[in-house]
Amino acid sequence: MYNTIFKIRKKTNVYILTGLSLITIVFIFSIFGSLISEFDPLRTAPAMRLTAPGSIHWMGTDDVGRDIFTRVIYGIKISMVIGFVVTLISGIVGTIAGISAAYYPVTSKVIMRIVDSIMAFPTIILAIVLAGILGAGMRNIIIALAISYFPMIARVVRNATAEILATEYIESVVVLGKSNTYIIFRYILPNIASPLIVQLTYTFAMAILNESILSFLGVGIQIPTPSLGAMVSDGRNYINTAPWIITFPGLVISWIVLSLDLMGDGLRELLDPKRRHSKLRFKKMAILQSAYKATETDMQDLLKIENLTVVAADKHDTHEIVRDVSFAIRNGETMGIIGESGCGKSITAMSILKLTEPNIHIAKGYIYWGDICLSELPESRLRTICGKEIGTIFQEPMTSLNPVFTIEQQLSAPIRLHLGLKKADIHQRCIRLLQDVGIKHPEKTLKSYPHELSGGMCQRVVIAMAISCDPRLLIADEPTTALDVTIQAQILGILKELIRTNHMALLIISHDMGVIASLSENITVMYGGEIVEQDTRDSIIERAAHPYTEKLINAAEELYDGADELTIVRGSVPRPGEHIIGCKFAPRCTFSTRRCHTERPPLIRKKYGKGTVRCWKYI
Amino acid sequence: MPGDPVITLLGDRAPAEQVAAMTKNLGLDQPLPVQFLAWLKNLLHCDFGTSISLGEPAFSLILERVEPTLLLGILGTLISIVLGIPLGILSVRHRGKIAEKLLALPALVSISIPAFWTAILMIQLLAVKIHLFPVAGYHTLGRYGLIKTLYDLTLPGLILGIMYCGQIGRMTKVSTLEIMRQDYLQTARAAGISERKVIYYYALKNSLPSIIVVIGYSFASMLAGAVVIEQIFNIPGLGNLIITSILNRDYPVIQGSLIFITIVFIVVNMLTDILCAYVNPKIKHEIE
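Everything numeric in this text was worked out from a predicted model, so none of it was measured.

(A) Examining the overall build of chain A more closely. Counting secondary structure elements, chain A contains 22 helices and 12 strands. On C-alpha atoms alone, chain A measures out to a radius of gyration of 34 Å, which is more than a quarter above the 25 Å that the 2.2 N^0.38 rule sets for 619 residues. If one aligns the C-alpha atoms of chain A with their principal axes, the spans along those axes are about 105 × 65 × 55 Å. Within chain A, the proportion of its 619 residues that are buried is 53%. Within chain A, contacts between residues at least 6 apart in sequence are counted, and of these 67% link residues at least 24 apart. A total accessible area of about 28,800 Å² is found for chain A, and carbon and sulfur atoms account for 59% of it. The distance from the centre of the 64 positive side-chain charges to the centre of the 56 negative ones in chain A is 4 Å.

(B) Expanded view of the packing of aromatic side chains. Inspection of the entire model under this criterion finds 11 aromatic pairs over all chains. Ring centres of Tyr103(A) and Tyr104(A) lie 5.5 Å apart, and the angle between their planes is 55 degrees; this geometry places the pair in the tilted category. Put simply, the rings of Phe405(A), Tyr201(B) and Tyr202(B) touch in pairs and so form one group of aromatic residues. Lying across the ring of Trp616(A), Arg595(A) places its NZ or CZ 3.7 Å from the centre. Geometry around Tyr15(A) places Lys101(B) over its ring, the cationic atom sitting 4.9 Å from the centre.

(C) Looking closely at the nonpolar core. If you look at the biggest cluster of nonpolar residues, it comprises 108 residues, and the most contacted ones within it are Ile128(A), Leu217(A), Ile256(A), Phe116(B), Ile232(B) and Phe233(B). The element contributing the most residues to this core is helix 3 (residues 68-103) of chain A, with 11 residues. Setting aside anything within four residues of it in sequence, one finds Leu217(A) in contact with Ile128(A), Val227(B), Val228(B), Gln231(B) and Ile243(B). One finds Leu433(A), Ala464(A), Ile494(A) and Met504(A) within the second-largest nonpolar core, a separate group that totals 80 residues.

(D) A look at the state of the cysteines. Enumeration according to the criterion identifies zero disulfides over all chains in this entry. Looking at the unpaired Cys589(A), the closest cysteine sulfur is the one in Cys596(A), lying at 6.3 Å.

(E) Layout of helix 5 (residues 123-134) of chain A. Taking 1.5 Å of rise per residue, the 12 residues of helix 5 of chain A would be expected to cover 16 Å, and the 16 Å separating its terminal C-alpha atoms lies within 8% of that figure. Among the 12 residues that make up helix 5 of chain A, nine are buried, leaving the element largely enclosed by the rest of the structure. Within helix 5 of chain A the residues assigned to the buried category are Thr123(A), Ile124(A), Ile125(A), Leu126(A), Ala127(A), Ile128(A), Val129(A), Ala131(A) and Gly132(A). Where the residues of helix 5 of chain A are buried, they touch helix 4 (105-119), helix 6 (138-165) and helix 8 (180-217) of chain A together with helix 10 (195-233), helix 11 (238-248) and helix 12 (251-279) of chain B. A positive backbone phi angle near 100 degrees is found at Gly135(A), which sits one or two residues after helix 5 of chain A.

(F) Representation of the interface of chain A and chain B. With 68 residues of chain A in contact, the opposing surface of chain B contributes 61 residues. The junction of chain A with chain B conceals about 5,900 Å² of combined surface from both sides, 68% of it contributed by carbon and sulfur atoms. A salt bridge links Glu195(B) to Arg383(A), with the shortest nitrogen-to-oxygen separation between them at 2.8 Å. Scanning the region where chain A abuts chain B turns up 17 residue pairs in polar contact (both at pLDDT 80 or more). Per-element accounting of the side of chain A that touches chain B gives the leading share, 13 residues, to helix 10 (residues 244-271) of chain A. Of the residues belonging to the side of chain A that touches chain B, the class tally is 39 nonpolar, 17 polar and 12 charged.

(G) Focus on the domain arrangement of chain A. Looking at the assigned domains, one finds that chain A contains domain 1 (14-36 + 59-273) and domain 2 (287-618). Between domain 1 of chain A and domain 2 of chain A, the C-alpha centre-to-centre distance is 53 Å.

(H) Fine view of the pattern of salt bridges. All names here are of chain A. Scanning the model with the defined rule gives 24 salt bridges over all chains in all. Arg66 is the partner of Asp62 in a salt bridge, and the nearest nitrogen-oxygen pair spans 3.0 Å. By relative accessible area, which is 4% here, Asp62 ends up buried. Judged by its relative accessible area of 7%, Arg66 falls in the buried class. Two residues, Lys606 and Glu533, come together in a salt bridge whose shortest N-O distance is 2.6 Å.

How each quantity is defined
- Residues numbered from 1 in each chain as written.
- Chains lettered and ligands numbered in written order.
- Predicted model: local features only at pLDDT ≥ 70, side-chain atom pairs only at ≥ 80, totals over all residues.
- Heavy atoms only, no water.
- Helix = DSSP H or I, 4+ residues; strand = E, 2+ residues; numbered from the N terminus.
- Rg over C-alpha atoms; globule rule 2.2 N^0.38 Å.
- Buried < 20%, exposed > 50% of the residue type's maximum accessible area, 1.4 Å probe, protein only.
- Contact = heavy atoms within 4.5 Å.
- Areas by Shrake-Rupley, 256 points an atom, 1.4 Å probe, with all protein chains shown as cover.
- Lys, Arg positive; Asp, Glu negative; His and termini not counted.
- Charge placed at Lys NZ, Arg CZ, Asp CG, Glu CD.
- Phe/Tyr/Trp six-rings, centres within 6.5 Å; stacked < 30°, edge-to-face > 60°.
- Lys NZ or Arg CZ within 6 Å of the ring centre and 35° of its normal.
- Core = buried A, V, L, I, M, F, W, Y, C linked by side-chain atoms within 4.5 Å.
- Disulfide = S-S within 2.5 Å.
- Expected span 1.5 Å × (residues − 1).
- Buried area = accessible area lost by both parts, 1.4 Å probe.
- Salt bridge = Lys/Arg side-chain N within 4 Å of Asp/Glu carboxyl O.
- Polar contact = N/O pair within 3.5 Å; in protein donor to acceptor, adjacent residues only side chain to side chain.
- Nonpolar A, V, L, I, M, F, W, Y, C, P; charged D, E, K, R; others polar.
- Domains from an automatic or database assignment.

Shown next, in the form of structure tokens:
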């Protein structure tokens, strides 16, 4: 965080590179140009007036015979100087104003009031008026533009500084009694550097653009001093006979401003993490088929996942976050996946409908829905199954509903889409659905917006949406985690009732053994992206085979019994990409032997019953 | 004294007594605070003072010039919306692909290239060479009717629209991308809503408030852009008036115009707030 500036060197960015090379070309052009040019930008030569571009006058001459090439070179220099000085002054003034506004509440009001009232005027008008009142000339333009731009910088700096001051880290430094100067130079300045650099680059571009506008309007650089804007203005009357007078200066302004804006965009993309968005990677990885051969799909299976491996890709490499997961759910069956956060259970569930983040995708394995292979299906076809045959409930009820639509608009969307009912029927169905999930005033709720409902109510609505088209499978990803304990129990009760009456199959994901045990007949325990144990609920609860399962059950029992001391499973789940040679749980396992650390255990069938387990204890 | 309106009016070589008489006449001999208070008092009566160079009340001068500028601003805003929002949405749909970078170019160009230059080139091309539009001038709405007025304003409006569509396009892209990460879009996808509808309807309605704010802002700055465009197209609007008054140091008119622009700015801000609250009921809820 503290050396964001230096990261520029490590990464490359197309925009910055292009912008930088374009602006370098301008610099080289202007330096070499002034060395080569034999003409005086100011000396008129009536005999040579309106000469077309040629070997002597490369860009032609203007209406009084001055060499355009030489004038453009001078114009660039003037633009650059003005742009640079304006950026420097407004940068310094803006930074000081911004930091002091964030630092001292008393000055804050005064400074921000001034900043706001200056920003109430469009910058060009403000600059025009200021330049007009101060009088033309380079110094006054610089003052006018600096006054117009410093408020924007002050605001950026103030916001960035306030954000940093609010962090606990800085609060602790303040408590330590470090001086303000120390804090400003050591912590504030390095951290506001990124937004500041971006803003300054744009300021540079805007200053050059607006200087040309001022000069064009006649309130900027005065004739005969060559300025790109004024040259365009001069050339207007000769556009028919001598179009080169206006063409070249205009091109050069565009070139300079464009390259600076490109750099600004690139810097913003590079330095501002908020605007950086993950790159889509739909590129399918070469499917490395394992030795496993797809068995004939058991027709009874509603959902069948075979050797699913899911990878997350970032700029540098990809790592497996779910590895070789297989399970099946039959019609009306319930399956629970349990594990701590980061074990890949949600990813597994979300992969079924391809609802994972764009950089996460299936690398290996298949997902079957009946005899349709979901993992091979194009997204548009997949969406016809989503909502209709498979309903989904998400973890965060408050963010799962769209804030700008009423409950009725959201609830009726899938019904209209998949069932094609009449308007009145849709309304009736919405009311019935809300009643089914235990909402007492369905009419009133339908008219509400999500922010008017409580978390528990929102989750009921989400459940109603998920079951609105009578799906055959309901996927519930931590449906109660975000809710209070009492609401949790209600929601679980509703889910239980719904799957019983609607004969739905259920895939429920939770880290809470209590939730899983109360809803599912079969349980899959995941750890570090792998299945470590899979069995019926009764076998798991009574005879947990894997040490991890055992710990999860103990933790849940103690929690529910209100034990004074909780048996904490020490350590934490392995990070994705963390390389563990042996059993992934070995570092936290009380039974681990040397073998556990060096060799990965296979998933084997248990001695009794149908379950499987991945542990060296049983081999 | 630089920027003395009396000197500008009477010329450098005017006799001293004439200058003194005029200064007294205009009330410019009074101390600045007195001048300011008198001006404030008049302001309450919609009296912006009298134009120094034209001798007419500044308020009526400004009022006469408002029509073309407002129409130009509205037309430019409409065009920039029509160009900008699809530009932003398209780059959201094609995020992460080459098309996104390509779609960023028009926005960049529209922000970077000086409008006065493109305006002159486009007049030459579209008006002088192929007579598609009038070269310059303005026919008032009241006397000549909407069609004639719009015909005059199309090319300047188009240039203004192109000039500001980049900002709107960028805001559309950035704010929609932010929304694309929200959970409720996953809910919509899980309900089987097509990706097209998820972006165009479910996401866009959420990012609309930020887009509306930028549209309001660019409408206000279009009044500034109009200064340049009116000068080139010889449209007798507010921008034209500001430039003339600055060159004549006609302070009452300059002040009046600035006050007018500020009022427009405030009104537009209010309108955008109301519109945002209408689009997103949550904002309304937070205000209340």
